[in-house]
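Chain by chain, the residues run as shown.
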Amino acid sequence: MKILLVDDESYVTESLRETIPWDEIGIQAVYQASSAFMAIDRLEELDIDIVVTDVRMPEMSGLELIGTITERWPHIRCILLTGYSDFEYAKQAVQLQASAYILKPVDDREFIHSIAAAIRSIQEERMELERYYKLLHSWKSDLGHLRTRLLQDLALGRELSVPMLTTKLNEYEIAFDMNRDTAMLLIQLGSRFTGLDEHSAGLMEYALVNMAEEVFKDRFHIWCGKAPHHCMILLAQMRQDGQGLAAGSGTQPAEVLLQGYAEQLQHHVSSYLKGEISVLVTPMFRFPGGVADTYRSALSSLYVLDQSDRGEIRFMNEAAASSEVLIQAVAELDQPPALYQLLETRQWEDARGKLEAVFAVLEQACIGQAQLYGVFLHISNAYMYIAHKQGYLIHQLDQAGWDPLYIQQLIQSVSKLRAWSLDMLDKLVQIDSGQDQRHKSRIVRQVQDMVAAENGHELSVKTIADRVYLHPVYLSKIYKSETGEGLGDYIIRKRMERALYLLKHTNKRIYEITAELGYQNPQYFSKMFRKLYGMTPHEYREQ
């Protein structure tokens, strides 16, 4: 803490500087000024926390100085020091939100008490701000994670009802409309970004998302995040509010605008992240129904591009996105019940039969690697979806199967891709036999870690369910079956255990403990406490 003493009688400030035990009350540095104008100069140069000023000074009074400080530096605490006990001064001091009003001659104990009170006020405000920014950071981090997960689910072909998807879009603040023309951009990071550790790569992706939002915001609503495979997805819908339209650009087709914004994004990445990106722009499709098909086709096109061809913007040829054979094979995979539905419901033999039927179609035609890669993506997406849903990593099935060089070998022939697909299915069956119980135990530990980390006061069954990507009812059922205790009861119990500690080991008032534990109503908190322990918080503290 730093304090500034202001008085035209310098012996007053000098005496205070020499006699008050500043270190003991938490003041690191003491500065002096002999006029209000000198004080303002000091405030512009130094990071001052508290100002003690005389009222009567030439040219500018202490009250006028406090008015200036309140306007320009509202975080500074001000204390009036004067030999005049006129009530008008006190009244004006209150109006200017001064922290205290002290009469000369100064009583050291009263002065120290006033300074200590100002310091406590500053510390409480800083703690509240720190808590606010931590919550804000946590909320933004969770929101970004939820947006990316939902985007990946759509790309992998997860079907969501229109009401459910609309609700999620609103909750995650994604400004996309149903059945609107939408473009997809696949963004591949250049060699500058390969080899980064997970944390550094995450920071680069976070920066790229922010840059994309800034670049596209004038004409497009965008939704950007990490793809299930090794690239980034950016969905773009034209804005309908007319904001930010450049003169003469209102009739430009979306493809032209997208190319221009993609070039701007490349420039930003090159300038600020010192790397290159390549961008593949797809034709327009209807959101959300076309997301999965467009993603598979775009990923297939991106894969067959020359890997040295970094830093370019390509447009996917819609006519060449898939062949008739590929369409027939994919249609077979999507024919109800779809492959991912059979895997989800553990109908392993029916899933094997569907795969055999697909490869029977493929073996009758002469198709290239691009079409085989499209089939690989469709099958691997189904495997990846089930792996994510069961809570384990896809590379646990076959680490080599997700290496780009190995994939290139797989799509050299139908027989190699068939063997890989059936082998992966066998591994899914093997893992599933012992995975269910381990998965439930891991979820329970994850939930308990969340509650312990936040003392339960920022959590509810719904927020926890969102974080572990389960329905609240299903999560509650798992927790109850594994622990014998309801999840809601567990959260309340942990809150109350925290309440016991605070009541016993701190002097905090009960309403303060109520707020700290996340309860809005002290009476409700007292009722829950009594229900659990047979006495009120006050009775517990008094015993």
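Residues numbered from 1 in each chain as written. Predicted model: local features only at pLDDT ≥ 70, side-chain atom pairs only at ≥ 80, totals over all residues. Heavy atoms only, no water.

This part takes up the overall build of the chain. Helices and strands together make up the secondary structure of the chain, namely 22 helices and eleven strands. Per-residue burial over the chain gives 45% buried out of 543 residues. Long-range contacts, defined as pairs at least 24 residues apart, comprise 69% of the intrachain contacts of the chain with a sequence gap of at least 6. As displayed, the chain offers around 28,300 Å² of accessible surface, 50% of which is attributable to carbon and sulfur atoms. (Helix = DSSP H or I, 4+ residues; strand = E, 2+ residues; numbered from the N terminus. Buried < 20%, exposed > 50% of the residue type's maximum accessible area, 1.4 Å probe, protein only. Contact = heavy atoms within 4.5 Å. Areas by Shrake-Rupley, 256 points an atom, 1.4 Å probe, with all protein chains shown as cover.)

The grouping of Leu129, Tyr132 and Tyr133 at the surface amounts to a nonpolar patch, some 340 Å² of accessible area in total. Position of tyrosine 133 relative to the elements: it lies in helix H6 (residues 108-155). (Patch = residues over 30% accessible without salt bridge, like charges linked within 9 Å, V, L, I, M, F, W, Y side chains within 5 Å. Salt bridge = Lys/Arg side-chain N within 4 Å of Asp/Glu carboxyl O.)

Moving on: the packing of helix H8 (residues 198-216) against helix H9 (residues 254-273). Two elements in contact, H8 and H9, have axes whose closest approach is 10 Å; the angle formed by their N-to-C orientations is 140 degrees. If you check the angle between H8 and H9, you find them oblique. The hand of the H8/H9 crossing is right-handed. Here Met204, Ala207, Leu208, Met211, Ala212, Val215 and Phe216 of H8 come into contact with H9, specifically with Leu258, Tyr261, Ala262, Gln264, Leu265, His268, Val269, Tyr272 and Leu273. A per-class count over the contact of H8 with H9 returns 14 nonpolar, two polar and no charged. (Axes fitted to C-alpha atoms, helices over the stretch in contact; angles between N-to-C directions. Parallel < 35°, antiparallel > 145°, perpendicular 65-115°, else oblique. Left-handed = near helix turned anticlockwise from the far one by under 90°. Nonpolar A, V, L, I, M, F, W, Y, C, P; charged D, E, K, R; others polar.)

This part covers the packing of aromatic side chains. Across all of its chains, the model carries 17 aromatic pairs by this definition. On the basis of an interplanar angle of 80 degrees and a centroid distance of 6.0 Å, the ring pair of phenylalanine 176 and tryptophan 223 is categorised as edge-to-face. Of the two residues, phenylalanine 176 is situated in the loop between helix H7 (162-171) and strand E6 (181-189) and tryptophan 223 in strand E7 (residues 220-226); the sequence distance between them amounts to 47 residues. A relative accessible area of 2% means that tryptophan 223 is categorised as buried. Relative to phenylalanine 529, the ring of phenylalanine 525 has its centre 6.1 Å away and its plane inclined at 55 degrees; by these criteria the two rings are tilted. Of this pair, phenylalanine 525 and phenylalanine 529 both sit in helix H21 (residues 522-533), four residues apart, roughly one helical turn. Each member of the pair, phenylalanine 525 together with phenylalanine 529, is buried. Put simply, the rings of Tyr519, Tyr524, Phe525, Phe529, Tyr533 and Tyr540 touch in pairs and so form one group of aromatic residues. Between the NZ or CZ atom of arginine 495 and the centre of the ring of tyrosine 519, over which it lies, the distance is 4.9 Å. (Phe/Tyr/Trp six-rings, centres within 6.5 Å; stacked < 30°, edge-to-face > 60°. Lys NZ or Arg CZ within 6 Å of the ring centre and 35° of its normal.)

With that out of the way, let us pick up the side chain of aspartate 49. Structurally, aspartate 49 can be placed in the loop between helix H3 (36-45) and strand E3 (50-54). Assessed through its relative accessible area of 6%, aspartate 49 is described here as buried. From its side chain, aspartate 49 meets the backbone nitrogen of lysine 2 in a polar contact 2.8 Å long. Within the structure, the side chain of aspartate 49 is placed 2.6 Å from the side chain of arginine 126, a separation counted as a polar contact. Setting aside residues up to four positions removed in sequence, aspartate 49 forms contacts with Met1, Lys2, His75, Ile76, Arg77, Ile122 and Arg126. (Polar contact = N/O pair within 3.5 Å; in protein donor to acceptor, adjacent residues only side chain to side chain.)

Okay, the confidence of the model for the chain next. With 84% of its residues at a pLDDT of 70 or more, the chain shows a mean pLDDT of 82. A low-confidence stretch, residues 318-322 stays under pLDDT 50, and its non-local contacts, those more than four residues away or across chains, total five contacts. (pLDDT = per-residue confidence, 0-100.)

Moving on: the pattern of salt bridges. Scanning the model with the defined rule gives 24 salt bridges in all. Ionic pairing is found between glutamate 18 and arginine 17, a salt bridge with its closest N-O pair at 2.7 Å. Relative accessible area serves as the criterion here: at 51%, glutamate 18 is assigned to the exposed category. Accessibility expressed as a relative area gives 32% for arginine 17, which makes it partly exposed. Note that glutamate 539 and arginine 530 form a salt bridge whose closest N and O atoms lie 3.7 Å from each other.

A few words on the environment of tyrosine 206. Of note, tyrosine 206 is situated in helix H8. Taking C-alpha positions, tyrosine 206 is 9.7 Å from cysteine 224, a pair spaced 18 residues apart along the chain.

Quick look at the nonpolar core now. Ranked by size, the top nonpolar core spans 61 residues in total, and within it Leu186, Trp223, Leu235 and Leu343 carry the most contacts. No other element matches the ten residues that helix H14 (residues 369-390) contributes to this core. Contact partners of leucine 186, with chain neighbours within four places excluded, come to Cys231, Met232, Ile233, Ser278, Val279, Leu280, Tyr295, Ala298, Leu299 and Leu302. (Core = buried A, V, L, I, M, F, W, Y, C linked by side-chain atoms within 4.5 Å.)

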